[in-house]
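# A structural walkthrough
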Number of protein chains: 2
Amino acid sequence: MPDPKMNFELDFHSGLPIYTQIVNQISGRVANGILEPGDQLPTVRALALELRVNFNTVARAYRILDEARIISTQQGRGTFIMDKPPPNVTEKLRRESLEGLTRRFIAEALRLGFTQTEVRQMVSEQIKVWKETTEVEE
Amino acid sequence: MPDPKMNFELDFHSGLPIYTQIVNQISGRVANGILEPGDQLPTVRALALELRVNFNTVARAYRILDEARIISTQQGRGTFIMDKPPPNVTEKLRRESLEGLTRRFIAEALRLGFTQTEVRQMVSEQIKVWKETTEVEE
DNA sequence: CGTCAAATTGTAATAATTGTATCATTGTCA
DNA sequence: TGACAATGATACAATTATTACAATTTGACG
């Protein structure tokens, strides 16, 4: 039985690429709350079968959604809706959120026996790496 | 009760295979002395249950660690930490462990929409706070 | 103490499921 | 026609599922 949350309507004559239509429909369902964090999406092959398209096309859509951090694709496990990024919340809450995340990271690193210097250096290094691999940012 | 030495954090979104993450986290704890020679690791089935993965995946990680002489798996008995690897190896393992931990933190923070600058500043701030509350360090 | 059965632990093999990577084909449009 | 995007075909890697098995420990029982 096809997933009721997934009854897509593809328009093969719209000129819009199929993978784009899949991306739009999934992200739309996420935005509407029909798909919620943790929900598992159909496998690339199952959805491809349902939509009568090649599974590579579905995989391409999933990859785009994965890069957009909307879903999480996990080889051998499946694909799942990611947690929503924090809604537009007050600057105070935003800061507290980051503070908690950072405190847990620091505490864990120090608990594991790393020095403050090591942690600082690694953070700088990894931020630099991230910047290089993601082009423009901030 | 989960083993306090074993509170792993798997990142199913990192692209790194699960078994690799398990290998890195265990070898990192060994390199840092959190896990000491003779310590018993959770059984493959127990750790698999805790991490919500198949026990074959844990067994694969244990097998790799066993071949690297970091742990000793003994059928019917369990798995135990072997002697600490030589310093040049532990240094490598230590670094890789911290790198993984840091990458997960940075990825999560940036995913939540924080900028690199915000992350950098918060890390500096929290390290300073930690230093003040724990007196001597390093 | 000695013995045996059950439980526990790691090992192994195999198949199925899932996403990934790469290249080939098709089709559209300038 | 030629270039490029979209799609298809194929092979591959990671994980899961299932099952069976061997070594060891544990505990009951005499």
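Procedures and definitions
Residues numbered from 1 in each chain as written. Chains lettered and ligands numbered in written order. Predicted model: local features only at pLDDT ≥ 70, side-chain atom pairs only at ≥ 80, totals over all residues. Heavy atoms only, no water. Contact = heavy atoms within 4.5 Å. Salt bridge = Lys/Arg side-chain N within 4 Å of Asp/Glu carboxyl O. Polar contact = N/O pair within 3.5 Å; in protein donor to acceptor, adjacent residues only side chain to side chain. Helix = DSSP H or I, 4+ residues; strand = E, 2+ residues; numbered from the N terminus. Nonpolar A, V, L, I, M, F, W, Y, C, P; charged D, E, K, R; others polar. Near = heavy atom within 4 Å. Buried < 20%, exposed > 50% of the residue type's maximum accessible area, 1.4 Å probe, protein only. Axes fitted to C-alpha atoms, helices over the stretch in contact; angles between N-to-C directions. Parallel < 35°, antiparallel > 145°, perpendicular 65-115°, else oblique. Left-handed = near helix turned anticlockwise from the far one by under 90°.

### Topic: the interface of chain A and chain B
Across the contact, 45 residues belong to chain A and 43 residues belong to chain B. Our count for the chain A to chain B interface comes out at 5 salt bridges. Along the contact surface separating chain A from chain B lie 8 residue pairs in polar contact (both at pLDDT 80 or more). Of all the secondary-structure elements, those providing two or more residues to the side of chain A that touches chain B are β1 (71-74), α4 (91-111) and α5 (116-133) of chain A. Of the residues belonging to the side of chain A that touches chain B, the class tally is 18 nonpolar, 10 polar and 17 charged.

### A closer look at the protein's contact with DNA strand C
Around DNA strand C lies a shell of 23 residues, among which Val44, Arg45 and Asn56 of chain A together with Arg45 and Thr73 of chain B are the nearest. In the model, a phosphate oxygen of DNA strand C is placed 2.9 Å from a nitrogen or oxygen of the Val44 of chain B main chain. For the surface near DNA strand C, a count of residues per class yields 4 nonpolar, 16 polar and 3 charged.

### Re the protein's contact with DNA strand D
Around DNA strand D, the structure places 25 residues, and the nearest of them are Gln75 and Arg77 of chain A together with Ile18, Gln75 and Arg77 of chain B. Take the atoms of DNA strand D that sit within 4 Å of the protein: sugar and phosphate atoms are 59% of them. Contact between DNA strand D and Ile18 of chain A: a phosphate oxygen at 2.9 Å from a main-chain N or O atom of the residue. Thr57 of chain A is positioned such that a nitrogen or oxygen atom in its side chain is 3.3 Å from a phosphate oxygen of DNA strand D. When contributions to the surface near DNA strand D are tallied by element, the ones reaching two or more residues are α1 (18-32) and α3 (55-67) of chain A together with α1 (18-31) and α3 (55-67) of chain B. Looking at the surface near DNA strand D residue by residue, the classes come out as 10 nonpolar, 10 polar and 5 charged.

### What about the environment of Ala59 of chain B?
All names here are of chain B. Within the fold, Ala59 resides in helix α3. Under the relative-accessibility criterion, Ala59 is labelled partly exposed at 29%. Remark: the alpha-carbon pair of Ala59 and Arg45, spanning 14 residues in sequence, is separated by 8.6 Å.

### Quick notes on the packing of helix α4 (residues 87-111) of chain B against helix α5 (residues 116-134) of chain B
Residues and elements named next belong to chain B. Direction vectors running N to C along α4 and α5 enclose 130°, while the axes themselves pass 10 Å from each other. Taken as axis vectors, α4 and α5 run oblique relative to one another. As α4 runs across α5, the sense of the crossing is right-handed. Across the interface between the two elements, Phe105, Ala109 and Leu110 from α4 touch Gln116, Val119 and Val123 from α5.

### A look at the packing of α1 of chain A against α3 of chain A
When two helices pack together, their arrangement is given by the angle between their axes and by how far apart the axes lie. Residues and elements named next belong to chain A. The interhelical angle for the contact between α1 and α3, taken along N-to-C directions, is 50°, at an axis separation of 8 Å. In terms of axis orientation, α1 runs oblique to α3. For α1 against α3, the interelement crossing comes out right-handed. The residues of α3 that touch α1, namely those facing Ile18, Tyr19, Ile22, Val23, Ile26 and Ser27, are Thr57, Val58, Arg60, Ala61, Tyr62, Ile64 and Leu65.

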